[in-house]
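A closer look at the structure
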Protein chains: 2
Amino acid sequence: MDDAANALAGTSDTIAGRLALAIHEHRLAPGTKLVEDEVGEVYGVSRTVVRAALQRLAHDRLVTIHRNRGASVSQPSIREAREVFEARALLEPRTARSAVARITAADLRRLAAHIEDEHAALAAGDAGRALRLSGLFHIEIARIADQDTIFGFVTQLVARSSLIIALYWRRRTALCESHAHHALMSALRDQDGARAEEVMKGHLLDLLSSLDLRPPPDGPKTLREVLLP
Amino acid sequence: MDDAANALAGTSDTIAGRLALAIHEHRLAPGTKLVEDEVGEVYGVSRTVVRAALQRLAHDRLVTIHRNRGASVSQPSIREAREVFEARALLEPRTARSAVARITAADLRRLAAHIEDEHAALAAGDAGRALRLSGLFHIEIARIADQDTIFGFVTQLVARSSLIIALYWRRRTALCESHAHHALMSALRDQDGARAEEVMKGHLLDLLSSLDLRPPPDGPKTLREVLLP
DNA sequence: ATGCCAAAAATTGTATACAATTTATCAGGA
DNA sequence: TCCTGATAAATTGTATACAATTTTTGGCAT
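Overview of the structure. (Residues numbered from 1 in each chain as written. Chains lettered and ligands numbered in written order. Predicted model: local features only at pLDDT ≥ 70, side-chain atom pairs only at ≥ 80, totals over all residues. Heavy atoms only, no water.)

Topic: the overall build of chain A
- A tally of helices and strands in chain A yields eleven helices and three strands.
- Shown N-terminal to C-terminal, the secondary structure of chain A runs as helices and strands in the order α-α-β-α-α-β-β-α-α-α-α-α-α-α.
- Taken across its 229 residues, chain A has 51% of its residues classed as buried.
- Within chain A, contacts between residues at least 6 apart in sequence are counted, and of these 73% link residues at least 24 apart.
- Total accessible area computed for chain A in this model is approximately 11,100 Å², and 52% of it derives from carbon and sulfur atoms. (Helix = DSSP H or I, 4+ residues; strand = E, 2+ residues; numbered from the N terminus. Buried < 20%, exposed > 50% of the residue type's maximum accessible area, 1.4 Å probe, protein only. Contact = heavy atoms within 4.5 Å. Areas by Shrake-Rupley, 256 points an atom, 1.4 Å probe, with all protein chains shown as cover.)

What follows is the structure, encoded as structure tokens:
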């Protein structure tokens, strides 16, 4: 596993990881300004280390930095939203198929536990945690496929998807995706690569089509925001 | 176009970009230690900005940072080399097909000029420049496809490929790839998406198979290098 | 010579200081 | 009231200082 991806997945052992976790769980909303001094005070570190964390997150597109203007949680455009899911649809189905060839009993147990946790979080009404776990499920499959490079891409795309969902997921389609994850599990358990690939592709298309990509996301934008970037 | 990718492509308007350019052109060999003070003195800036540049390049895998040990130009493993080209084979053929749908006359002119430059560099014996131009050709096609997300991935992969070639390209297969680039051009000009996709896939497989991935890359490694990471 | 340990040098990690730039505030005039 | 512009406050960009860590050096015993 990949240190670059760890922070994206939201490990809480680094500033970037903690910020990523907060973004994943939708505690930090898209657009939120991230002032270096404030973040530094919260975590008890100097601007130096906060800056490094923000630049890292910016490189992964979770945060947007404008020169001399500071950082804020990214607000993916409609176009970007579409692209991210298109890229996922290109990478993840094939990755799921690759995972079949390498998956172990331990992996299957971990995935099952994962789905359990997801259910538990949903039952407890903790949508933020459920969403993050749902993303981790995809990341876990990419990890099993054992291709670091593509694993890194998928991790980044899943992280960005969390932001996209925060912005564009209006109609709360019930049952979310637990069904798809179950179907994926079963294909993996049966070592059925073709089915895993197909299920994953369908799942991602479902996700994309459950987004409300038409209207401008939200709120009254500043004129500056509209004209400058 | 993408600011993240610009530095990888080697624009010389930033420290990261200059370092990336040097890596692309094989002036900085894999394994070269990059001491913050030295780099800073060369470019006339303080460690602060050098650090940021190194972290940026590390995130793109052109540079490897070990905590408290500093940064050096990455030495992709054999496995990583294979993965990078596999990822490219997954992304770029489809990208070439997408490019067909959007390509303009101006794009075709630019690509043609690009191939010209490549030839000129080769004729002048400037292999470093030729190599970089060859990479830029692929990046240009991804740019034409007009999918920022995938464009970013391809840019990163091409940059890493440059390192891989530096390490593993022993047998100097003549004519390199100019032929493939010509074939690609002609498919694009004819608006033949299927052919573009096929040519690209073949081209990448050729590249991979022209690498000498068997033996340990080079030189007497320190015991520490072998055991610690 | 060779191996080992302590001291010195070099290098990175983090905090702070100051300069440059942007953003907010507010007085004055149309 | 609403604009305008100057001034002050806030914030980022960069350099420097110091602490923590690693690497090198040089004796000293084997």
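Describing empty space enclosed by the protein
Residues and elements named next belong to chain A.
- Scanning the entire structure with this criterion turns up four cavities of 30 Å³ or more.
- The volume enclosed by the second largest cavity comes to roughly 120 Å³.
- Every residue lining the second largest cavity is counted, 13 residues in all, and those nearest its centre are Leu131, Ser134, Gly135, Val158 and Ile165.
- Secondary structure elements with two or more residues in the lining of the second largest cavity: helix H7 (127-145) and helix H8 (148-168).
- Sorting elements by how many residues they give to the lining of the second largest cavity places H7 first, with five residues. (1 Å grid on protein atoms, 1.4 Å probe; cavity = no way out; pocket = protein on both sides within 12 Å on 5 of 7 lines; lining within 4 Å. Points joined across faces, edges and corners; volume = space filled by probe spheres on them.)

Some details on the interface of chain A and chain B
- Taken together, the contact between chain A and chain B spans 25 residues of the former and 26 residues of the latter.
- Summed over both partners, the interface of chain A with chain B buries about 2,300 Å², with 51% contributed by carbon and sulfur atoms.
- Looking only at chain A, the three residues that lose the most surface to chain B are A:His59, A:Leu90 and A:Phe153, adding up to 28% of its buried area.
- Applying the counting criterion to the chain A and chain B interface returns two salt bridges.
- A:Asp146 is paired through a salt bridge with B:Arg79; the nearest N and O atoms lie 3.1 Å apart.
- If you look at where chain A meets chain B, you find eleven residue pairs in polar contact (both at pLDDT 80 or more).
- Listed by contribution, the elements that provide at least two residues to the side of chain A that touches chain B are helix H4 (47-59), helix H5 (78-102) and H8 of chain A.
- The dominant element in the side of chain A that touches chain B, judged by the number of residues it contributes, is H5(A), at eight residues.
- Along the lines of polarity and charge, the residues of the side of chain A that touches chain B split into nine nonpolar, five polar and eleven charged. (Buried area = accessible area lost by both parts, 1.4 Å probe. Salt bridge = Lys/Arg side-chain N within 4 Å of Asp/Glu carboxyl O. Polar contact = N/O pair within 3.5 Å; in protein donor to acceptor, adjacent residues only side chain to side chain. Nonpolar A, V, L, I, M, F, W, Y, C, P; charged D, E, K, R; others polar.)

Description of the protein's contact with DNA strand D
- Close to DNA strand D lie 17 residues; A:Arg47, A:Arg51, B:Ser46, B:Thr48 and B:Arg69 are nearest.
- A breakdown of the atoms of DNA strand D within 4 Å of the protein gives sugar and phosphate a share of 67%.
- Between DNA strand D and A:Glu36, the relevant distance is 3.2 Å, taken from a phosphate oxygen to a main-chain nitrogen or oxygen of the residue.
- Here B:Ser46 contributes a backbone N or O atom positioned 2.8 Å from a phosphate oxygen of DNA strand D.
- When contributions to the surface near DNA strand D are tallied by element, the ones reaching two or more residues are H4 of chain A together with helix H4 (47-59) of chain B.
- In terms of residues, the surface near DNA strand D owes the most to one element, H4(B), which gives three residues. (Near = heavy atom within 4 Å.)

Here's the deal with the sheet that holds strand S2 (residues 63-66) of chain A
All names here are of chain A.
- In spatial order, the strands read S1-S3-S2; together these three strands make up an open sheet with antiparallel pairing. The sheet is open, and its two edges are formed by strand S1 (33-34) and S2, each paired on a single side.
- Note that S1 and strand S3 (residues 70-73) share two bridges and pair antiparallel. For Leu34, the partnering residue across the bridge sits in S3 and is Ala71. (Pairing = 2+ DSSP bridges.)

Here's the deal with the protein's contact with DNA strand C
- Of all residues adjacent to DNA strand C, which total 17 residues, the nearest are A:Ser46, A:Thr48, A:Arg69, B:Arg47 and B:Arg51.
- A share of 67% of the atoms of DNA strand C within 4 Å of the protein falls on sugar and phosphate groups.
- Between a base nitrogen of DNA strand C and a side-chain N or O atom of B:Arg47, the distance comes to 2.9 Å.
- For the surface near DNA strand C, the secondary structure elements donating two or more residues are H4 of chain A together with H4 of chain B.
- Residue contributions to the surface near DNA strand C peak at three residues, all from H4(A).
- For the surface near DNA strand C, the residue count by class is four nonpolar, five polar and eight charged.

Digging into unusual backbone geometry
Residues and elements named next belong to chain A.
- Even without a glycine there, the phi angle at His26 is positive, about 60 degrees.
- Inspection of the secondary structure puts His26 in the loop between helix H2 (15-24) and S1.
- Among the residues examined, His26 registers a relative accessible area of 31% and is labelled partly exposed.

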